[in-house]
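Breakdown of the fold
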Amino acid sequence: VLNVALTPSAAITGTIYKNGGTEPFPGAKVTVYSGNRAFTTTGNLNGVYQVNFVPLGQFRVRAEAPSGFDRGQTEILTVNQPGATATANITMNGLG
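Calculation rules
Residues numbered from 1 in each chain as written. Predicted model: local features only at pLDDT ≥ 70, side-chain atom pairs only at ≥ 80, totals over all residues. Heavy atoms only, no water. Helix = DSSP H or I, 4+ residues; strand = E, 2+ residues; numbered from the N terminus. Contact = heavy atoms within 4.5 Å. Core = buried A, V, L, I, M, F, W, Y, C linked by side-chain atoms within 4.5 Å. Buried < 20%, exposed > 50% of the residue type's maximum accessible area, 1.4 Å probe, protein only. Salt bridge = Lys/Arg side-chain N within 4 Å of Asp/Glu carboxyl O. Pairing = 2+ DSSP bridges.

The next thing to look at is the environment of A11. The topology assignment puts A11 in strand β1 (residues 9-17). It is 4.3 Å that separates the C-alpha atoms of A11 and N52, two residues lying 41 residues apart in sequence. Ignoring any residue separated from it by four or fewer positions in sequence, one finds A11 in contact with Q50, V51, N52, A84, T85 and A86.

This part takes up the nonpolar core. Counting 20 residues, the largest nonpolar core has I12, I16, V32, Y49, F59, V61 and A63 as its most contacted members. Breaking this core down by element, the ones donating at least two residues are β1, β2 (29-34), β4 (48-55) and β5 (57-64). Apart from the residues lying within four places of it in its own chain, the contact partners of I12 are V32, Y49, Q50, V51, V54, F59, V61, V79, A86 and A88.

Positive phi values are uncommon outside glycine, yet F53 reaches one of about 65°. Within the element layout of this structure, F53 appears in strand β4. Take F53: its relative accessible area is 65%, and that puts it in the exposed class.

Right, let's talk about the pattern of salt bridges for a bit. Side chains that differ in charge, positive against negative, can pair when their charged atoms come close. For the coordinates displayed, the defined rule picks out two salt bridges. The partner of K18 in a salt bridge is E23, with the nearest N and O atoms 3.1 Å apart. Judged by relative accessible area, which is 32%, K18 ranks as partly exposed. A relative accessible area of 44% means that E23 is categorised as partly exposed. Salt-bridge contacts for R62 lead to E64; the nearest nitrogen and oxygen are separated by 3.5 Å.

The residue T74 is located in the loop between β6 (71-73) and β7 (77-79) in this model. For T74 and I16, which are 58 residues apart along the polypeptide, the C-alpha to C-alpha distance reads 11 Å. Ignoring any residue separated from it by four or fewer positions in sequence, one finds T74 in contact with R60, V61, A88, N89 and I90.

By the criterion of burial, β1 is predominantly enclosed, with eight of the nine residues buried. In terms of strand pairing, β1 meets β4 through six bridges, oriented antiparallel. Paired with S9 across the two strands is P55, which belongs to β4. Pairing of β1 with strand β8 (residues 85-87), which is carried by three bridges, proceeds in the parallel orientation. Its bridge partner being in β8, A11 is matched across the sheet by T85.

Next comes the structure, spelled out in structure tokens:
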């Protein structure tokens with residue numbers, strides 16, 4: 001018998017936008033930081049990303065261009081509802 005304790009978690013989703021905030025930024029590397037853990041994914045062709053099984057509590061999302069130095073990040077956000085989906089959109093800063 002194996003006992004497994006599952007940690008309550010949530011999903012983080014959003015859209016990455018080019019500088020100006022209206023045009024999607026495709027293919028960005030997206031990292032969700034939660035406590036001492038980091039979860040990485042890539043935005044799709046429409047700039048949309050989703051990371052599942054993020055522990056509840058505070059988190060920050062950072063996006064980086066696949067080449068160059070363009071990046072953006074959210075403020076520190078909080079998700080406390082198990083099974084919830086939090087939205088964290090990012091606008092790139094337009095550098096690089």
